[in-house]
Amino acid sequence: MKQKKIRILAIAPYESMKRVMIETVREFDDIELNVFVGDLGQGLLLAQHNFYNDHDIIVSRGGTASMLQEQLDLPIVEIEISPLDILRAMRIGGNISNNYAIVGFPNITGNAQVVGQIIDSEIDVFSISGADDVEMALMEISKGSAHAILCDMVAYTTALRFGLNPILIKSGRECIRNAFLRARQLYYTHQELREENRFLRSLIWKHINHTVVFDEDGDIFFSTLGTNNEPIVSYLRSERGREIQGDSCHMIKQISNVRYSIRMTKGYFSQKEYTIYYFTENKVSLPDIRRGIRYMGQPEAEQEYGNSVYGVIRMQSDSLKKIELLNQSEQPLLIYGEDGTCKEQAVKYIYVQSRWRNRPLVIIDCFMLNKKAWNYLMEHHNSPLAQNGCTIYIKNIDILTSIQRKQMLANLLEMNVCRRNRVIFSCVCDKQGTVTEAGKDFLETLCCVTLFLPPVRTEGERFSLIVNKYFSHVDISLQTSLMGIEPEAMSLLENYDWPHNYTQFQRTLEEIAAMSEDGIVHEAEVKTVLKRENAIATVSDKVEDANIRIDLNQPLEKINRDIICKVLEEENGNRTNAASRLEISRSTLWRLMKRS
């Protein structure tokens, strides 16, 4: 195997040093040298814009070397200025005398004192730490009797501009050679560690996951991403401040039609904190996005809950206490309550209060699942049921057919979904608190713990408080500020049955608030809205009753015929009205009936 050469980037402060470097490096067969001429800031720019990451070591001198050490992460080898170099500069300026001043960085001025001791003479020494100190030192020297100034390149060019007599202290060939020797020694000492680092980096680049690392300032320290990834990079940067429980945090983020599965962790290096993300990306077709499966993280869940009716009025204290206890358990949870008790919002609160909040929340709405989505959920290797460490919420299990319920329960048991995740289900119950057959199946088969969400009518003395609270919340978006509610109007709201509970409560109060023209909620406005709500509730009850009596475990043609029969029954046999309600023609209605 051919010996790999040491790649050295050299920044020379003056042109003649470049020539000496090129001549000197010919002694070393194992060094590949690139040399540029520049000083201080110019030298730094040259290093940054000439692919310093493609080199192993940088060689430079004086202040430029010090600046490179502060700004770059490659090893820097400094070319020393020896006492002999200073003596050579003195001889260039004439006989050694006491009329010399020396200006330079500490590596020069330290040796100047040695020279003074050698020649038994006092030399005015001005030590600088940056380019800003040069002019002040030269102005001080100009007031004295020094007839020549020994200095490095920075002071040299400034002294010429001031009309002074500068003599550039050059590094001798032996110092340059020693710098290359030290660079070789440093390289071979750390070669194994560097090669291991390169090897590990190559593994990261070839890994199926992407890796992005941010430093404390939010700048990218390392990334395996290519171009055109600004949306996900911006999201990751915004998440850096998130607190992590344990070693890492798992998130799922969907941007356009790409779903990202992200693991976030923290790392420390050189007393600095770094935020590290590992993630995969999967393209999701548009039908997939709408098929009733939704992913969200803690920030989205907190925001949606905060804007919900529960977020505004706060759940009843008994429910909050029960949730606190339930979050100490990892048993499957069944949430039940009457229609409109906002079960999904309760789930979001449970999620953000639990130890699972640093992992994704997956919401599966059975009502929205079509056949393709159902097959994906039950059979695909990338199904949410195949995830680990998530909170999985399966809502509206009541609408599942008995066959679908059996299939889902079998999958949940066979795949140990409830052991690998926090699983929550929801179903409705009647006014006596009796759950549906679907609820009973899940409750008994999976040994679920339960949470009952009480209806609005149980708010009791708190009712007027939550009405005012919600009106206050709605008031923010209204043009006219609400200043109060008439006692008669409040009495109507208190005595209303609220058959669809908090969903209806939210909708009704928003409509009442929008009708107020003088900032007062009047009795007449409440009567109008509640009358409309009664009509909606009556139609809804009819539809629900009809659905309950339709057997969905039969061919589609028979289901269609049953639906038509139910609508005809409600319309007292009037085919025109039935066809109008079903939004089909009379001939289509007749044809569908004759097929069965």
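Please read these numbers as outputs of a predicted model, since none were measured by experiment. (Residues numbered from 1 in each chain as written. Predicted model: local features only at pLDDT ≥ 70, side-chain atom pairs only at ≥ 80, totals over all residues. Heavy atoms only, no water.)

Our focus in this paragraph is the overall build of the protein. Scanning the protein from N- to C-terminus turns up 25 helices and 21 strands. Counting the 596 residues in the protein, one finds 45% classified as buried. Long-range pairs, those at least 24 residues apart, make up 67% of the contacts in the protein between residues at least 6 apart in sequence. Taken as a whole, the protein presents about 31700 Å² of accessible surface, with 49% of it coming from carbon and sulfur. (Helix = DSSP H or I, 4+ residues; strand = E, 2+ residues; numbered from the N terminus. Buried < 20%, exposed > 50% of the residue type's maximum accessible area, 1.4 Å probe, protein only. Contact = heavy atoms within 4.5 Å. Areas by Shrake-Rupley, 256 points an atom, 1.4 Å probe, with all protein chains shown as cover.)

Take the pairing of strand 11 (residues 248-255) next. When you tally the buried positions in strand 11, you get 6 out of 8 residues, the bulk of the element. Pairing of strand 11 with strand 12 (residues 258-269), which is carried by 8 bridges, proceeds in the antiparallel orientation. Note on strand 12: the bridge partner recorded for Gln 254 is Arg 259. Between strand 11 and strand 12, which follow one another and run antiparallel, lie 2 residues, and Ser 256 among them has a positive phi close to 55°. (Pairing = 2+ DSSP bridges.)

Before going further, it helps to examine the environment of Arg 242. When you line up the elements, Arg 242 lands in the loop between helix 9 (230-238) and strand 11. Residue Arg 242 is classed as buried on the basis of its relative accessible area, which comes to 12%. Expressed as a C-alpha distance, the spacing of Arg 242 and Pro 299, which sit 57 residues apart in the sequence, is 9.4 Å. Those residues within four positions of Arg 242 in sequence are excluded, and the remaining contacts are Cys 249, Met 251, Met 264, Lys 266, Gln 298, Pro 299, Arg 357 and Asn 358.

A word on the confidence of the model for the protein. Residues with a pLDDT of 70 or more make up 86% of the protein, whose mean pLDDT is 82. Residue range residues 539-549 is modelled with pLDDT below 50. Its contacts to residues more than four positions away, or to other chains, number 7 contacts. (pLDDT = per-residue confidence, 0-100.)

Turning to the packing of helix 15 (residues 371-379) against helix 16 (residues 402-414), a few remarks are in order. Packing of helix 15 against helix 16 leaves a shortest axis separation of 10 Å and a crossing angle of 25°. One element, helix 15, and the other, helix 16, form an angle in the roughly parallel class. Contacts from Trp 374, Leu 377 and Met 378 of helix 15 reach helix 16 at Gln 404, Gln 407, Met 408 and Asn 411. Looking at the contact of helix 15 with helix 16, its residues break down into 4 nonpolar, 3 polar and no charged. (Axes fitted to C-alpha atoms, helices over the stretch in contact; angles between N-to-C directions. Parallel < 35°, antiparallel > 145°, perpendicular 65-115°, else oblique. Nonpolar A, V, L, I, M, F, W, Y, C, P; charged D, E, K, R; others polar.)

Its identity as a non-glycine residue notwithstanding, Asn 416 has a phi of 55°, on the positive side. By secondary structure assignment, the location of Asn 416 is in the loop between helix 16 and helix 17 (417-420).

Let us now look at the sheet that holds strand 12. Here 5 strands make up an open sheet; going across it, the order is 10-9-13-12-11 and the pairing antiparallel. Taken across any chain shown, the strands that pair with only one partner, and hence form the sheet edges, are strand 10 (220-223) and strand 11. Strand after strand, the sheet turns through a mean of 25° between neighbouring axes, direction not considered.

Attention now goes to the pattern of salt bridges. Side-chain pairs of opposite charge can arise where the charged atoms are in close proximity. Under the definition given, this model contains 22 salt bridges. A salt bridge links Glu 273 to Lys 266; the shortest N-O distance between them is 4.0 Å. One salt bridge connects Arg 405 with Asp 441, and the closest N-O pair in it is separated by 2.9 Å. One end of the pair, Arg 405, is in helix 16; the other, Asp 441, is in helix 18 (residues 437-446), with 36 residues separating them in the sequence. By relative accessible area, which is 27% here, Asp 441 ends up partly exposed. (Salt bridge = Lys/Arg side-chain N within 4 Å of Asp/Glu carboxyl O.)

Before going further, it helps to examine the packing of aromatic side chains. Evaluated as defined, the whole model comprises 15 aromatic pairs. Ring geometry for Tyr 187 and Tyr 188: centres 5.3 Å apart, planes at 75°, overall edge-to-face. For Tyr 187, a relative accessible area of 2% corresponds to the buried category. The partly exposed category is assigned to Tyr 188, whose relative accessible area is 34%. Seen from their ring centres, Tyr 496 and Trp 498 are 4.9 Å apart, and the 90° between their planes marks the pair as edge-to-face. Grouping aromatic residues by their ring pairs yields a cluster made of Tyr 310, Phe 463, Tyr 470, Tyr 496, Trp 498, Tyr 502 and Phe 505. (Phe/Tyr/Trp six-rings, centres within 6.5 Å; stacked < 30°, edge-to-face > 60°.)

Taken in spatial order, the 4 strands of this open sheet run 2-1-3-4, and their pairing is parallel. Edge positions in the sheet fall to strand 2 (31-37) and strand 4 (76-79), since each of these pairs with one other strand and no more. Between one strand axis and the next, the sheet turns by 25° as a mean value, whatever way the strands run. On top of the sheet, helix 1 (residues 15-24) reaches strand 1 (6-12), strand 2, strand 3 (57-61) and strand 4; it is set at about 170° to strand 2, its chief contact.

At their nearest, the axes of helix 16 and helix 18 sit 11 Å apart, and the two run at 20° to each other. Accordingly, the angle class assigned to the pair helix 16 and helix 18 is roughly parallel. As for the relative orientation of helix 16 and helix 18, their crossing is right-handed in sense. Between helix 16 and helix 18, the residues in contact are Arg 405, Met 408, Leu 409, Leu 412 and Leu 413 and Glu 437, Ala 438, Asp 441, Phe 442, Thr 445 and Leu 446, respectively. When the residues that make up the contact of helix 16 with helix 18 are grouped by side-chain class, the tally is 7 nonpolar, 1 polar and 3 charged. (Left-handed = near helix turned anticlockwise from the far one by under 90°.)

With that out of the way, let us pick up a nonpolar patch on the surface. A cluster of nonpolar side chains, namely Phe 367, Met 368 and Ile 399, defines an oily patch on the protein surface of about 310 Å² accessible area. Within the secondary structure, Phe 367 is located in the loop between strand 16 (361-365) and helix 15. Judged by relative accessible area, which is 58%, Phe 367 ranks as exposed. (Patch = residues over 30% accessible without salt bridge, like charges linked within 9 Å, V, L, I, M, F, W, Y side chains within 5 Å.)

Moving on to the pairing of strand 10. Direction of pairing for strand 9 (residues 210-214) relative to strand 10: antiparallel, over a ladder of 3 bridges. Pairing of Val 213 across the sheet is with Phe 222, part of strand 10. Linking two consecutive strands that pair antiparallel, namely strand 9 and strand 10, is a turn of 5 residues; a positive phi of about 85° is found at Gly 218 within it.

On to the environment of Ser 171. Of note, Ser 171 is situated in the loop between strand 8 (166-168) and helix 8 (173-206). Residue class for Ser 171 comes out buried when judged on its relative accessible area of 7%. In this structure the C-alpha to C-alpha distance between Ser 171 and Ile 79, which are 92 residues apart in sequence, comes to 7.5 Å. With residues near it in sequence (within four places) discarded, Ser 171 still touches Tyr 14, Met 17, Arg 61, Ile 79, Glu 80, Ile 81, Asp 85 and Ile 176. A distance of 3.1 Å separates a polar atom in the side chain of Ser 171 from a polar atom in the side chain of Arg 61. (Polar contact = N/O pair within 3.5 Å; in protein donor to acceptor, adjacent residues only side chain to side chain.)

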